[in-house]
Amino acid sequence: YFCPGSSANPPEFIVSSSDPSIVTGIRVYASTDAPQPGQNPNWDPTSFSIEGWSGVAWVAIASSDFSLDWVNRGVTGPMPARNTDGALISSSFNASDQALSFTEVTFENSESYTQYHVTFPTTRGRDLNPEASYVINLSQLELVGEVLGR
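Thresholds, definitions, all that
- Each chain carries its own residue numbering, running from 1 in the direction its sequence is written.
- Side-chain atom pairs in this predicted model are given and counted only at pLDDT of 80 or more, local residue features only at pLDDT of at least 70, and totals for whole chains, interfaces and linings cover all residues.
- Heavy atoms throughout the structure, all of them, feed into the side-chain values; hydrogens and water do not.
- Definition used in this section: a nonpolar core is a set of buried Ala, Val, Leu, Ile, Met, Phe, Trp, Tyr and Cys residues joined via side-chain atoms within 4.5 Å.
- Using a 1.4 Å probe on the protein chains alone, a residue whose accessible area is under 20% of its type maximum counts as buried, one over 50% counts as exposed, and one in between counts as partly exposed.
- We count a stretch as a helix when DSSP gives it H or I for four or more residues in a row; a strand needs E for two or more, and each element gets its number in order from the N terminus.
- Patches were defined on residues exceeding 30% relative accessible area and lacking a salt bridge, with like-charge contacts within 9 Å and nonpolar side-chain contacts (Val, Leu, Ile, Met, Phe, Trp, Tyr) within 5 Å.
- Calculation of accessible area relied on Shrake-Rupley with a 1.4 Å probe; when residues are assessed, cover is drawn exclusively from the protein chains displayed.
- A carboxyl oxygen of Asp or Glu within 4 Å of a side-chain nitrogen of Lys or Arg is what we treat as a salt bridge.
- What counts as a ring pair is set by centres within 6.5 Å for rings of Phe, Tyr and Trp (its six-membered ring), and what kind of pair is set by the plane angle: stacked under 30 degrees, edge-to-face over 60, tilted for all other angles.
- Any two residues having at least one pair of non-hydrogen atoms within 4.5 Å are treated as being in contact.
- Strand pairing follows a simple DSSP-based rule, namely that at least 2 bridges must link the two strands.

## Here's the deal with the nonpolar core
- Judged by nonpolar contacts, the single largest core of 19 residues is most densely connected at Ile26, Phe48, Ile50 and Phe120.
- Elements that contribute at least two residues to this core include exactly strand E2 (12–30), strand E3 (47–53), strand E4 (58–65), strand E6 (113–119) and strand E7 (135–147).
- Sort the elements by how many residues they give to this core and E2 lands first, with four residues.

This is the structure we're talking about:
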């Protein structure tokens with residue numbers, strides 16, 4: 001997943017589902033290590049914001065940095081490992097794929113929504129250089145929690 005943004009409009013997207021869900025976490029898998037355009041570890045997101053659609057307005061659910069281990073890679077240590085192109089990700093709401101490179105944050109939330117607005121206000125490259133291009137690149141993003149009505 002490759003998404004450009006700008007200082008005024010950080011990379012963002014909306015996730016919709018026919019079934020309501022209660023999101024209590026976010027999991028991001030590192031993009032591939034393939035040497036092609038858009039495969040830049042500096043484009044890893046380092047923070048996020050999640051809102052749920054109430055039917056009238058967007059409601060803030062959570063906003064945070066990803067783990068310091070993930071955020072500081074490339075600053076105080078090597079970049080995170082990259083996932084290989086085409087790697088299958090075997091995960092669920094409750095468990096990540098431990099064989100792959102990812103970061104995860106959990107948070108408290110008891111409200112259900114069918115639409116989520118996810119924004120990535122900062123990236124590794126912009127943390128290192130505020131003038132760097134403002135894009136994100138992920139292998140996969142997962143909103144962790146519980147799907148209701150199934």
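## Considerations on a nonpolar patch on the surface
- A cluster of nonpolar side chains, namely Ile14, Trp53 and Trp58, defines an oily patch on the protein surface of about 270 Å² accessible area.
- Positionally, Ile14 belongs in strand E2.

## Focus on the packing of aromatic side chains
- For the structure on display, the rule yields five aromatic pairs.
- Taking the centre distance of 6.2 Å and the plane angle of 35 degrees together, the rings of Phe13 and Phe120 count as tilted. Taken as a pair, Phe13 in strand E2 and Phe120 in the loop between E6 and helix H2 (124–128) lie far apart in primary sequence, 107 residues in all.
- Among the residues examined, Phe13 registers a relative accessible area of 17% and is labelled buried.
- Linked through ring pairs, Phe48, Phe66 and Phe107 together constitute an aromatic cluster.

## Here's the deal with the environment of Ser112
- Turning to its location among the elements, Ser112 is positioned in the loop between strand E5 (102–106) and E6.
- Looking at Ser112, the relative accessible area reads 34%, which means it is partly exposed.
- Here the alpha-carbon distance between Ser112 and Glu146, two residues 34 residues apart in the chain, equals 9.0 Å.
- Apart from the residues lying within four places of it in its own chain, the contact partners of Ser112 are Pro20, Ser21, Ile22 and Leu148.

## What about the pairing of E3?
- In terms of burial, E3 is largely enclosed, as five of its seven residues are buried.
- Looking at chain direction, E3 and E4 are connected through seven bridges and run antiparallel. Paired with Gly52 across the bridge in E4 is Val59.
- Counting the residues between successive antiparallel strands, the hairpin from E3 to E4 contains four residues, one of them, Gly55, with a positive phi of roughly 100 degrees.
- Here E3 pairs with E6 via four bridges, running antiparallel. Opposite Ser49, over in E6, you have Thr119 as the bridge partner.

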